[in-house]
Amino acid sequence: MKKTILIGTVSLLASVGLAYAGAAEGKEVYTAKCQSCHGANGEGKAAIAKMFNVTLPPLASKEVQAKSDAELKKVILAGKGKMKPIAGVSEKQADDVVAFVRTLK
Ligand code: HEC
């Protein structure tokens, strides 16, 4: 009986762990998929802004941070304006990247 409860608790914790968006994991995805345009700290690369003929909003800015997690996730997975959807980013990785973006403010 006790054993059953223990196993139940462990698997519950494991599933919570998997669903939790991690900033550390997000940083790895960010470095691989976003940094080339947005810079290490989300400041935005001037050359990219010029190339796309846009102002790259710093990811730490109020403007970007005011967006909801869902909106940020959508930018990553569906693209926005001149930013194309980022290929090879899973739903979970997108959540992780959003968690990382939240650490920039
Ligand atoms: C190829 C270059 C490029 C890459 C790679 C890229 N972005 Fe962008 N991103 C842009 C450009 C250009 C814009 C501005 C779009 C516009 O204003 O039309 C932008 C805008 C944004 C915005 C602001 C959107 C808004 O509503 O103002 C966010 C947030 C963002 N990017 C996050 C990310 C994240 C997170 C990643 C990695 C998963 C990423 N970007 C990868 C080029 C890129």
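Only a predicted model underlies this, so the values are computations on that prediction, with no experimental measurement involved.

Definitions and limits used
- Residues numbered from 1 in each chain as written.
- Predicted model: local features only at pLDDT ≥ 70, side-chain atom pairs only at ≥ 80, totals over all residues.
- Heavy atoms only, no water.
- Helix = DSSP H or I, 4+ residues; strand = E, 2+ residues; numbered from the N terminus.
- Buried < 20%, exposed > 50% of the residue type's maximum accessible area, 1.4 Å probe, protein only.
- Donors = N, O, S within 2.8 Å, 3.2 Å for Na, K, Ca; no water.
- Tetrahedral: all angles 85-135°; square planar, octahedral: opposite > 155°, others 65-115°.
- Near = heavy atom within 4 Å.
- Polar contact = N/O pair within 3.5 Å; in protein donor to acceptor, adjacent residues only side chain to side chain.
- Nonpolar A, V, L, I, M, F, W, Y, C, P; charged D, E, K, R; others polar.
- Salt bridge = Lys/Arg side-chain N within 4 Å of Asp/Glu carboxyl O.

### Topic: the environment of Lys82
So, step 1. Within the secondary structure, Lys82 is located in the loop between helix H6 (69-78) and helix H7 (91-102).
So, step 2. Since its relative accessible area comes to 44%, Lys82 is described here as partly exposed.
So, step 3. Residues Lys82 and Asn53 lie 29 residues apart in sequence; the distance between their C-alpha atoms is 8.9 Å.

### Some points on the coordination of the iron atom of the ligand
Tetrahedral coordination by four donors puts the ideal angle at the metal at 109.5 degrees, and octahedral coordination by six puts it at 90 or 180 degrees.
So, step 1. Protein ligation of the iron atom of the ligand involves His38 (NE2) and Met83 (SD), the donor distances falling in the range 1.9 to 2.1 Å.
So, step 2. Each of the six donor atoms bound to the iron atom of the ligand contributes to angles spanning 87 to 178°, and the resulting shape is octahedral. Here His38, found in helix H3 (residues 35-38), pairs with Met83, found in the loop between H6 and H7; they are 45 residues apart in sequence, far enough to count as distant.
So, step 3. Judged by relative accessible area, which is 12%, His38 ranks as buried.
So, step 4. Overall, the relative accessible area of 25% leaves Met83 in the partly exposed class.

### A word on the site of the ligand
So, step 1. As a structural note, the neighbourhood of the ligand is formed by 20 residues, with Cys34, Cys37, His38, Lys80 and Met83 the closest of them.
So, step 2. At 2.7 Å, a side-chain N or O of His38 approaches a nitrogen atom of the ligand.
So, step 3. At a separation of 3.1 Å, an oxygen atom of the ligand approaches a polar side-chain atom of Lys67.
So, step 4. Of all the secondary-structure elements, those providing two or more residues to the shell around the ligand are H3 and H6.
So, step 5. When residues of the shell around the ligand are assigned to their parent elements, the largest contribution, three residues, is made by H6.
So, step 6. Looking at the shell around the ligand residue by residue, the classes come out as 14 nonpolar, two polar and four charged.

### Notes on the pattern of salt bridges
Side chains bearing opposite charge may pair, as long as their charged atoms lie close to each other.
So, step 1. If you walk through the whole model with that rule in mind, you get four salt bridges.
So, step 2. Taking the shortest distance from any N to any O, the salt bridge between Asp95 and Lys73 comes out at 3.2 Å. With Asp95 in helix H7 and Lys73 in helix H6, this residue pair connects regions lying 22 residues apart in the sequence.
So, step 3. Overall, Asp95 belongs to the partly exposed group, its relative accessible area being 29%.
So, step 4. Look at Lys73 and you get buried, because its relative accessible area is 18%.
So, step 5. The network of salt bridges with shared partners includes Lys73, Glu91 and Asp95.

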